[in-house]
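Descriptive structure summary
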Amino acid sequence: MTSTLLRGRTLSFVRWPETIDDHSAWRYEEDGGLLISDGRIVASGAYAQVEEQAGEGAKKIDHRPHLLLPGFVDTHVHFPQMQVIASYGAELLDWLNTYTFPEETKFANAQHGRRIARLFLDEMVRHGTTTVVAYCSVHKASAEAFFAESHDRNMLNIAGKVMMDRNAPEGVLDTPQSGYDDTKALIKEWHGKGRQHYAITPRFAITSSPEQMEMAGALCREHPDLHMQTHLSENHAEIAFTQQLYPWSRDYTDVYEHYGLLGKKSLFGHCIHLSEREADALSQSDSVAVFCPTSNLFLGSGLFDYQRFRHREKPLRIAAATDVGGGTNYSMLRTMDEGYKVIALNGEKLNPFQSFWQITRGNAEALSVVQKIGTLDQGTDADIVVLDARATPAMRLRMETVQTLAQELFLLQTLGDDRAVREVYVAGRAAKSDMAN
Ligand code: GUN
Ligand code: ZN
């Protein structure tokens with residue numbers, strides 16, 4: 001087995017950086033090395049030391065002066081919405097009915113699903129994202145297409161077929177029984193195969209009948225190690241409709257609570273308009289609130305209160321995500337640029353170390369997979385992104401005045417996109433340059 005020795009400026013996080021000067025929260029090597037063998041990082045640190053551990057035969061790749069970070073993690077994205085992104089003029093429920101549901105009917109065709117799954121994972125890799133938590137369409141074939149493509153590329157991805165049995169066109173509906181059976185079959189076939197993880201995926205309370213919600217709860221009880229993903233408290237009309245459909249519920253979160261869907265592997269997209277009771281319920285159950293800034297702005301949904309959620313007495317676990325196709329960009333850099341502005345509108349700031357913590361280690365912690373991804377630690381999978389802060393003329397010019405790592409990271413976040421991603425390693429394999437050839 002030949003090993004690979006990467007050289008560059010390495011940056012990885014140990015914990016949440018409290019301030020911009022909280023140096024012990026990260027590990028930065030100006031001349032760093034990563035030794036990769038069999039898809040894993042087997043040594044990490046100062047280049048001179050890592051080089052000593054590398055045998056004579058190691059293939060050396062010099063990425064200086066670029067930054068090497070853990071590959072980005074996108075914790076909420078809809079792969080069947082690549083041809084929905086950039087649809088004009090609607091808020092959530094109209095956007096779903098006008099654009100999204102009709103588009104997702106096309107995924108009854110397995111060939112269409114395979115084509116979009118391939119293009120989707122290409123796009124993710126091009127943007128430096130090495131792990132996604134993906135919603136597929138209602139069709140079992142769409143999840144099969146996604147997992148087959150993901151497994152071929154040896155990516156660590158988490159995905160599930162959406163369960164939805166009402167309030168949408170016939171072509172995107174299952175039934176409580178077929179949703180359960182298809183989910184069971186997909187779990188059996190894909191969960192734990194290579195790096196694939198299954199997420200139980202009731203779309204949201206509006207498109208699932210009480211019978212289907214029961215089934216989703218049963219699946220979570222039968223598979224307590226699996227992730228569960230859904231949408232929560234994104235839009236005022238959505239909240240009002242949910243209240244009508246579940247008149248007994250104390251609030252939106254109570255619906256999911258009632259069916260046993262809260263927990264430490266549960267991911268709730270949006271969480272914009274939560275009451276204190278709802279935030280407490282999420283906190284007490286160790287559930288994760290997913291911040292989707294470009295989507296929340298694009299659909300006019302509202303401002304996620306990141307800092308309040310972090311600093312309240314019962315804090316929330318928070319992840320960040322693109323939410324394409326409600327989201328408007330595949331890039332986690334663009335996502336955090338918009339996230340920074342949303343947090344600024346709430347009168348707070350997110351410093352650049354916190355941002356890069358969030359899209360690497362923070363998201364991996366939120367998914368409970370930090371033993372495998374999200375850092376450059378020895379023994380973890382070699383999912384790595386190589387970032388070039390001089391990727392465009394405007395970035396190059398601005399870099400002339402940059403003096404600190406914090407400033408460079410902020411520049412990457414503010415001006416960077418896929419052009420700043422020089423290379424991406426997926427389980428040690430150079431995946432971006434491979435694609436270009
Ligand atoms: N709520 C239910 N489905 C969706 C979806 O596809 N996108 C967004 N943004 N919200 C949803
Ligand atoms: Zn979503």
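Residues numbered from 1 in each chain as written. Chains lettered and ligands numbered in written order. Predicted model: local features only at pLDDT ≥ 70, side-chain atom pairs only at ≥ 80, totals over all residues. Heavy atoms only, no water.

The name given to the protein in an unreviewed UniProt entry is Guanine deaminase, with Mesorhizobium huakuii as the source organism. Entered under Catalytic activity (unreviewed entry) in the UniProt record, the comment concerning the protein runs "guanine + H2O + H(+) = xanthine + NH4(+)". Within the UniProt record for the protein, the comment given under Sequence similarities (unreviewed entry) is "Belongs to the metallo-dependent hydrolases superfamily. ATZ/TRZ family." (UniProt positions renumbered as here; feature names shortened; annotations may be inferred.)

Here the focus is the packing of helix α12 (residues 332-345) against helix α15 (residues 405-415). Relative orientation of the contacting elements α12 and α15 amounts to 100°, with a least axis distance of 7 Å. One way to sum up the angle between α12 and α15 is to call them roughly perpendicular. Where α12 approaches α15, its residues L333, R334, M336, D337 and Y340 are matched on the opposing element by F410, L412, Q413, T414 and L415. Residues that form the contact of α12 with α15 fall into these classes: six nonpolar, two polar and two charged. (Axes fitted to C-alpha atoms, helices over the stretch in contact; angles between N-to-C directions. Helix = DSSP H or I, 4+ residues; strand = E, 2+ residues; numbered from the N terminus. Parallel < 35°, antiparallel > 145°, perpendicular 65-115°, else oblique. Contact = heavy atoms within 4.5 Å. Nonpolar A, V, L, I, M, F, W, Y, C, P; charged D, E, K, R; others polar.)

Below, the discussion takes up the packing of α12 against helix α13 (residues 352-366). Axis separation between α12 and α13 bottoms out at 9 Å; the angle between their running directions is 125°. As summarised for this structure, α12 and α13 are arranged oblique, according to the angle between their axes. At the point where α12 passes α13, the crossing takes the right-handed sense. Of the residues in α13, those touching α12 at M332, L333 and M336 are S355, F356, Q358, I359 and N363. Tallied by class, the residues present in the contact of α12 with α13 amount to five nonpolar, three polar and no charged. (Left-handed = near helix turned anticlockwise from the far one by under 90°.)

So, on to empty space enclosed by the protein. Over the atoms, a rolled probe matching the size of one water molecule traces out where space is still vacant. Applying the stated rule across the entire model yields two cavities of 30 Å³ or more. By volume, the largest cavity amounts to about 100 Å³. Lining the largest cavity are 15 residues, and of these H78, L92, W95, L96 and H231 lie nearest its centre. Among the secondary structure elements, those contributing two or more residues to the lining of the largest cavity are β5 (72-78) and α2 (92-105). Looking at the lining of the largest cavity element by element, the count peaks at three residues for α2. When grouped by side-chain class, the residues that make up the lining of the largest cavity number five nonpolar, seven polar and three charged. Considered as a void within the structure, the second largest cavity measures approximately 30 Å³ in volume. (1 Å grid on protein atoms, 1.4 Å probe; cavity = no way out; pocket = protein on both sides within 12 Å on 5 of 7 lines; lining within 4 Å. Points joined across faces, edges and corners; volume = space filled by probe spheres on them.)

Spatially, seven strands are ordered β3-β2-β1-β4-β14-β15-β16 in an open sheet, and the strand pairing comes out mixed. Every interior strand has two partners, whereas the edge strands, β3 (40-46) and β16 (429-430), have only one. As defined by bridge partners, strand β1 (residues 4-13) adjoins strand β2 (residues 26-37) across nine bridges and the pair is classed as antiparallel. By the bridge assignment for β2, S12 is matched with R27. α13 contacts β1, β2, β4 (59-70) and β14 (384-387) of the sheet and is inclined by roughly 120° relative to β1. (Pairing = 2+ DSSP bridges.)

This next bit is on the nonpolar core. Judged by nonpolar contacts, the single largest core of 107 residues is most densely connected at F120, F146, Y256, Y306, F356 and L387. Broken down by element, the residue count for this core peaks at six residues, all from helix α3 (residues 110-126). Here Y306 is in contact with W16, F291, I318, I343, L350, W357 and Q358, once residues within four sequence places are set aside. (Core = buried A, V, L, I, M, F, W, Y, C linked by side-chain atoms within 4.5 Å. Buried < 20%, exposed > 50% of the residue type's maximum accessible area, 1.4 Å probe, protein only.)

Bringing the packing of aromatic side chains into the picture now. A full pass over the atoms with the stated rule returns 19 aromatic pairs. Taking the centre distance of 5.1 Å and the plane angle of 80° together, the rings of W16 and W357 count as edge-to-face. Within this pair, whereas W16 is found in the loop between β1 and β2, its partner W357 is found in helix α13, the two being separated by 341 residues in sequence. Taking 5.7 Å as the distance between ring centres and 90° as the angle between the ring planes, the aromatic pair formed by F79 and F107 counts as edge-to-face. Remark: F107 occurs in the loop between α2 and α3 and F79 occurs in the loop between β5 and α2; sequence separation between them is 28 residues. (Phe/Tyr/Trp six-rings, centres within 6.5 Å; stacked < 30°, edge-to-face > 60°.)

Moving on: the UniProt feature "domain: Amidohydrolase-related" (unreviewed entry) in the protein. As annotated in UniProt, the feature "domain: Amidohydrolase-related" (unreviewed entry) corresponds to residues 68-429 in the numbering used here. Span residues 68-429 is 43% helix and 17% strand, its end C-alpha atoms 14 Å apart.

Mapped onto the elements, R312 comes out in the loop between α11 (306-311) and β13 (317-320). Polar side-chain contacts of R312 include one of 2.7 Å to the side chain of D280. Within polar-contact distance, the side chain of R312 engages the backbone oxygen of K314 at 2.6 Å. Other than its neighbours up to four places away in sequence, R312 contacts E276, A279, D280 and S283. (Polar contact = N/O pair within 3.5 Å; in protein donor to acceptor, adjacent residues only side chain to side chain.)

Looking now at the site of ligand 1. In the vicinity of ligand 1 there are 13 residues, among which H78, Q81, R203, E234 and D323 approach most closely. Within the side chain of R203, a nitrogen or oxygen atom sits 2.7 Å from an oxygen atom of ligand 1. For ligand 1, whose free accessible area comes to 280 Å², the fraction covered by protein is 100%. At a threshold of 2 Å from the grid points, most atoms of ligand 1 map onto the largest cavity. Residue contributions to the shell around ligand 1 peak at three residues, all from α2. (Near = heavy atom within 4 Å. Areas by Shrake-Rupley, 256 points an atom, 1.4 Å probe, with all protein chains shown as cover. Sits in = over half its atoms within 2 Å of the grid points.)

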